[in-house]
Amino acid sequence: MSRLRFRDENNLTEAEMLMLLEEDDTEYDALIEEDAASDIEDNDHVSDQEEVDDLICANDEETEPLQVDQSDSCGDSDPFYIAKDGTHWSKLPVNKISRRSRANILTVAPGSNSKTSSIKDAFFLFFTPDILEILVRETNRKARQYFDEWNAANPTRTKKYAATNDTEIEAYIGLLITMGALQASREPIEMLFTSDLAYCRPIFPATLSRNRYNFLTKFLRFDNFETRQERRLIDKLAPVRDIFEKLVSNCKRALNPSHHLCVDEQLVPFRGKAPFRVYMKNKPAKYGIKIWALADCGSNYTVNMQVYLGKINNKPEKNQGERVILDLVEHLGTGYGITTDNFFTSLKLAGKLWEKKLTRCGTLRKNKTFIPRELLPSPMKPVLSSMFAFKKNRTLVSYVPEKRRAVLLLSSEHEDDKVNSKDVDNKPDIILHYNSTKSAVDATDQMAQKYTTQRKTARWPMAIFYHMIDIAAINAFKIWVMANPEYEKGHLDARRRFLLQLGKDLSKDHIMFRYKNNNGLKANIKECMLKVFPEMKEERTPQEQPEATQGRCYLCTRVKDRKSRQFCIHCCQFRCLEHSQKQVLCLTCKNKQ
């Protein structure tokens, strides 16, 4: 089925037509009406993230079907469409240039800005030492305040605690990443830290004890809780603002994105009490914390993020979509193309981005007043046909995927009316471009949820902290693969292997510290440590006999209290008959040989 095409048959020159369009641009700024229903954000916002055929604009039942008369055919002498608000759109392309806009010329080469020698270094590009310093300082502050209050209220039953440090916090984050890579984030803590050999995963008890893990989870803080109340009066995100902004700043700095980026929302699952929790019916989690994200379409790397903080002074925010886009792309240079859904798309925003030498492409809601009536859905339009309308640096397209329906898109990157003849559905190049660049944020969200560190919590700052770890791990993986293209090539689970190695590397320093300072450490814990890092085995010179004549078996529990005169000639530890072989070598040393 051939698409509808309109050609100018009057005597207007291209220069005269361009002059009229430029005059109309100046008049439009005064005539445009703000569409509150389209630009006001509420908690029921649902983004346009399905295939473009599902994002079609159907006629409302209350609206009368549009009638297309014969004057809209190729014989129409009027070279313009006139929208409801008076905006003039040309039926012919204003500039006869290629599809790619002159504004999409990058001045900075895409790629990583940092060199990494290890997987751990790639992760520390985002979780930098200053973030770890905040976690250590505020966690110790909260634990100190809790135990001081307890000891003051219970002088006969005082408690002591061991302050945490950078190495232990690294190990804690490493355990969270390992849980996510093993898809064990929903398993009970008791099962993860069990000593039963049938169910034990050695890295968990080797890194932290169960009580210590619970201690860190309970007292982990991200800001000074003593000054939080006054900061929350002006900033709802005060409990995590410092570390969140540092992570976002690191994401901006670590990579120069490719030509095209995508803006959309992510939903961090959370059903507890939060001042800005939202409900999104089209998301799997339904309830949670919404985060606006800017992602690179070439690598699905998250470049920028912003948390949605709800209404301002209990009033919906006007022009929120425009404000969010401008905030997220503020740090970008020139030459980038931004793809958005219909919540963000407007003619005014396209003009502001063009002033920054940025282009945009996105779907439209049919109630926008700048859309000509001829481009709206109509039962008279042939299926798989396309109609175009042009202004200077802006192009509208209306594509009919099925009868009585139409897809509306606005692009400042495309300036022609090309249709891909190789496509079965005769889709315009604008729609094909939108389909190829619209899903970067969704792909990142899908990756984060597959190996998520999210655990059940009643504290919304912890939910955001888990999400920060997920995003940092994904970005670290992208940076590492760019630097090492052959990494795990041919393996479908390359990212899972990356996460497992990252969790192990983050835990290594703390495991080695525990192994060397093993005051009262149980033998089964040391065995778990040696299973994770066999290179920690200490070489001992054989001795003829220990100084004592007898001692308690090193591998038996204290409940059994087994004494023995037999000892291992390699490690000089006393062993009972059950744990010895011919009273010469213990079973542990025998296996090591």
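I will try to describe carefully the structure that is included in this document. The written sequence of each chain sets the order in which its residues are numbered from 1. Selection of residues for local features in this predicted model requires a pLDDT of at least 70, selection of side-chain atom pairs for listing and counting requires 80 or more, and totals for whole chains, interfaces and linings are taken over all residues. With hydrogens and water set aside, each side-chain value is computed from the structure's full complement of heavy atoms.

**Some words on the pairing of strand β10 (residues 337–340)**
So, step 1. We call a residue buried when its accessible area falls under 20% of the maximum for its residue type, exposed when it is over 50%, and partly exposed in between, using a 1.4 Å probe and counting protein chains only. A helix here means a DSSP run of H or I that spans at least four residues, while a strand means a run of E at least two residues long, and both kinds are numbered starting from the N terminus. Of the two faces of β10, the one lined by G337 and T339 and the one lined by I338 and T340 are each fully buried.
So, step 2. DSSP calls a pair of strands paired once it identifies at least 2 bridges connecting them. Where strand β6 (residues 260–269) and β10 come together, three bridges link them in parallel fashion. When the sheet's bridge partners are listed, L261 is paired in β10 with I338.
So, step 3. Looking down the strands as they point away from you, a crossover is right-handed if its path from the first strand over the helix to the second goes clockwise. Taken together, β10, helix α12 (residues 347–355) and strand β11 (residues 359–363) constitute a β-α-β crossover, and its handedness is right-handed.

**What about the packing of helix α4 (residues 129–153) against helix α5 (residues 166–181)?**
So, step 1. With axes taken as lines fitted to C-alpha atoms, and helix axes fitted only over the stretch in contact, angles between N-to-C directions fall between 0 and 180 degrees. Remark: α4 packs on α5, axes separated minimally by 9 Å, with the N-to-C direction vectors making an angle of 105°. What the angle tells us is that α4 and α5 run roughly perpendicular. Residues L132, L135 and V136 of α4 form the contact with α5, whose participating residues are D166, I169, E170 and I173.
So, step 2. A breakdown of the residues in the contact of α4 with α5 according to their chemical character gives five nonpolar, no polar and two charged. For this classification, under 35 degrees means roughly parallel, over 145 means roughly antiparallel, 65 to 115 means roughly perpendicular, and everything else is oblique. Should any heavy atoms of two residues lie within 4.5 Å, those residues are counted as being in contact. Residue classes follow a fixed rule: Ala, Val, Leu, Ile, Met, Phe, Trp, Tyr, Cys and Pro count as nonpolar, while Asp, Glu, Lys and Arg count as charged, and any other residue, Gly among them, counts as polar.

**Observations regarding the side chain of S346**
So, step 1. With respect to the element layout, S346 can be found in the loop between β10 and α12.
So, step 2. There is a polar contact of 3.1 Å between the side chain of S346 and the backbone nitrogen of L349.
So, step 3. S346 has contacts with F370 and L410, leaving out every residue within four places of it along the chain. Pairs of N or O atoms within 3.5 Å make up the polar contacts considered here, provided that, within protein, one atom can donate a hydrogen while the other can accept it, and that residues adjacent in sequence are counted only when both atoms are side-chain atoms.

**Details of the packing of aromatic side chains**
So, step 1. The aromatic pairing rule takes the rings of Phe, Tyr and Trp, using the six-membered ring of Trp, and pairs them if the centres are within 6.5 Å, calling planes under 30 degrees apart stacked, those over 60 edge-to-face and the rest tilted. With the rule as written, the count across this model stands at 26 aromatic pairs.
So, step 2. Judged by centre distance (4.9 Å) and plane angle (15°), the ring pair of F147 and Y161 falls under stacked. Taken together, the residues F147 in helix α4 and Y161 in the loop between α4 and α5 connect sequence positions 14 residues apart.
So, step 3. The exposure class of Y161 is partly exposed, given its relative accessible area of 27%.
So, step 4. Measuring from centroid to centroid gives 5.5 Å for W292 and F344, while their planes differ by 80°, and the two rings are edge-to-face. Highlighted residues: W292 in strand β8 (residues 287–296) and F344 in the loop between β10 and α12, separated in sequence by 52 residues.
So, step 5. For F344, a relative accessible area of 2% corresponds to the buried category.

**Things to note about α4**
So, step 1. Across its 25 residues, α4 extends 36 Å between first and last C-alpha, which sits within 8% of the 36 Å expected from 1.5 Å per residue.
So, step 2. The complete set of buried residues in α4 reads I131, L132, I134, L135, V136, E138, T139, N140, K142, A143 and F147.
So, step 3. Where the residues of α4 are buried, they touch α3 (119–124), α5, α8 (210–219), α10 (241–254) and α15 (460–483). In this scheme, a helix's expected span is set at 1.5 Å multiplied by one less than its residue total.

**Quick notes on the packing of α5 against α15**
So, step 1. Contact geometry for α5 and α15: axes closest at 11 Å, N-to-C directions at 75°. Regarding the angle of α5 to α15, the classification is roughly perpendicular. Contacts between α5 and α15 involve Y172, I173, L176 and I177 on the former and, on the latter, M462, F465, Y466 and I469.
So, step 2. A class-by-class count of the residues in the contact of α5 with α15 yields eight nonpolar, no polar and no charged.

**Observations regarding the nonpolar core**
So, step 1. The definition of a nonpolar core used throughout is a set of buried Ala, Val, Leu, Ile, Met, Phe, Trp, Tyr and Cys residues joined through side-chain atoms within 4.5 Å. Residues F126, F127, I173 and F465 are the most contacted members of the largest nonpolar core, which totals 115 residues.
So, step 2. A per-element tally of this core places α15 first, with 15 residues.
So, step 3. Formed by 15 residues, the second largest nonpolar core is a distinct cluster that contains A350, L364, L408 and L410.

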